[in-house]
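Structure assessment
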Amino acid sequence: MIVLKTASELATLDQANRLVHGALHRVAAAVKPGVSTWDLDALAEEYIRSGGGRPAFKGYRGYPATLCTSVNEVIVHGIPSKALHLRAGDVLSIDCGAVLDGFVGDAAVTVSVGVVAPEADALLRVTRECLEHAIEVMRPGRRLTDVGHSVQSHAEAHGYSVVRDFCGHGIGRAMHEEPSVPNYGQPGRGPELRPGLVLAIEPMINLGKAGVVIDPDGWTARTEDGKLSAHFEHSVAVTEDGPWVLGVDGR
Ligand code: MF3
Ligand code: CO
């Protein structure tokens, strides 16, 4: 069942996402060679708790941290570690969730550590554009699969591949609500997008092939071919006036 949100629920979701974006900003500002992903995680948790929220990922199906910190060929769900120190040239996906007043915010960015290779820069730019194109679809009257189709067309036009094993999702009182939002597919299918629908849209785009392998830790998802991957995520509401990027756009 797809749960549409009321105006006041959207306002709360906006605040939850504001907390997430504040944490992402704080973390991104601390990213530099030598910093451990564990230290970044501590910054995020402290930021979320001091803002009156709590980490949404910690304890979710046993996940142990506030952030997912996914370096280079790690696609998503990298677990922060004291032993993992960032190096110049790395790309780092920072995924963060927070619960505030009963609603979940969820967003992610991929950032470069120092100067990165031009092919890494291009992958980050195109993946960000994939998310922007998908956000533009979030209007009344469009259909659910238009979201994934827009991501896939843009990624593949640049010779990249779309990860199939993970999807975006509805979000609200629960982090994962219906519908699931694949980043690929034919356009014009699935439910019509209606005001009050909120989706966490999260393209995961690989420089090489789409294949995924999971580490023995049960979480860390890597590209099978060892090539780079990037990930950006926004929680976005459909409104009569168009897309509302929660925690970012003023309303
Ligand atoms: N943005 C991710 C998702 O939507 C983060 C979840 S990590 C988890 O699934 F550990 F909480 F599962
Ligand atoms: Co998500």
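Provided above is the structure to which this section pertains.
Structural notes, computed from the coordinates. (Residues numbered from 1 in each chain as written. Chains lettered and ligands numbered in written order. Predicted model: local features only at pLDDT ≥ 70, side-chain atom pairs only at ≥ 80, totals over all residues. Heavy atoms only, no water.)

Focus: the sheet that holds strand β7 (residues 168-170)
A sheet is described by the order of its strands in space; here five strands give the open sequence β8-β7-β9-β14-β15, paired in antiparallel fashion. Edge positions in the sheet fall to β8 (177-181) and β15 (242-245), since each has one partner strand and no second. Sheet twist, expressed as the average angle between the axes of neighbouring strands with direction ignored, equals 25°. Bridging between strand β9 (residues 198-201) and strand β14 (residues 234-239) involves four bridges; their strand directions are antiparallel. Paired with Val198 across the bridge in β14 is Ala237. Sitting on the sheet, helix α4 (residues 144-157) touches β8 and β9, and the angle it makes with β8 is about 35°. (Pairing = 2+ DSSP bridges. Helix = DSSP H or I, 4+ residues; strand = E, 2+ residues; numbered from the N terminus. Axes fitted to C-alpha atoms, helices over the stretch in contact; angles between N-to-C directions. Contact = heavy atoms within 4.5 Å.)

Remarks on the coordination of the cobalt ion (ligand 2)
All of the protein donors around the cobalt ion (ligand 2) are Asp106 (OD), His169 (NE2), Glu202 (OE) and Glu233 (OE); their distances to the metal are 2.1 to 2.3 Å. For the cobalt ion (ligand 2), the six donor atoms in the first shell make angles of 68 to 172° at the metal, a pattern classed as irregular. The sequence pattern describing where the donors of the cobalt ion (ligand 2) fall on their chain is D-x62-H-x32-E-x30-E. Of this pair, His169 sits in strand β7 while Glu202 is found in the loop between β9 and β10 (204-206), placing the two residues 33 residues apart along the sequence. (Donors = N, O, S within 2.8 Å, 3.2 Å for Na, K, Ca; no water. Tetrahedral: all angles 85-135°; square planar, octahedral: opposite > 155°, others 65-115°.)

As for the packing of aromatic side chains
Here the structure, examined in full by the defined rule, presents one aromatic pair. Taking the centre distance of 4.9 Å and the plane angle of 80° together, the rings of Tyr63 and Trp219 count as edge-to-face. Taken together, the residues Tyr63 in the loop between β1 (54-55) and β2 (67-71) and Trp219 in the loop between β11 (212-214) and β12 (221-223) connect sequence positions 156 residues apart. For Tyr63, a relative accessible area of 3% puts it in the buried group. The positively charged end of Arg164 is found above the aromatic ring belonging to Tyr184, 4.7 Å away from the centroid. (Phe/Tyr/Trp six-rings, centres within 6.5 Å; stacked < 30°, edge-to-face > 60°. Buried < 20%, exposed > 50% of the residue type's maximum accessible area, 1.4 Å probe, protein only. Lys NZ or Arg CZ within 6 Å of the ring centre and 35° of its normal.)

Remarks on the sheet that holds strand β6 (residues 161-162)
One open sheet holds the three strands; their spatial order is β6-β10-β13, and the pairing between them is antiparallel. A single partner strand is all that each edge strand has here, and the edge strands are β6 and β13 (229-231). Its contacts with the sheet place helix α3 (residues 118-136) against β10 and β13, and it is angled at close to 35° to β13.

Observations concerning the side chain of Glu45
Within the secondary structure, Glu45 sits in helix α2 (residues 37-50). A polar atom in the side chain of Glu45 sits 2.6 Å from the side chain of Lys58. When residues no more than four places from it in sequence are discounted, the contact partners of Glu45 are Pro55, Lys58 and Thr66. (Polar contact = N/O pair within 3.5 Å; in protein donor to acceptor, adjacent residues only side chain to side chain.)

Section: the site of ligand 1
In the region of ligand 1, 13 residues are neighbours, and Tyr63, Asp95, His169, His176 and Glu202 sit closest. At a separation of 2.7 Å, an oxygen atom of ligand 1 approaches a polar side-chain atom of His169. His176 has a polar side-chain atom sitting 2.8 Å from an oxygen atom of ligand 1. (Near = heavy atom within 4 Å.)

Looking at the pattern of salt bridges
By the definition in use, this model includes nine salt bridges. With its nearest N and O atoms 2.7 Å apart, the salt bridge here joins Glu136 to Arg139. Given the relative accessible area of 42%, Glu136 is considered partly exposed. When its relative accessible area of 31% is taken as the criterion, Arg139 is described as partly exposed. Among the salt bridges present, the one from Asp215 reaches Arg222, with a minimum N-O distance of 2.8 Å. By relative accessible area, which is 19% here, Asp215 ends up buried. Among the residues examined, Arg222 registers a relative accessible area of 25% and is labelled partly exposed. (Salt bridge = Lys/Arg side-chain N within 4 Å of Asp/Glu carboxyl O.)

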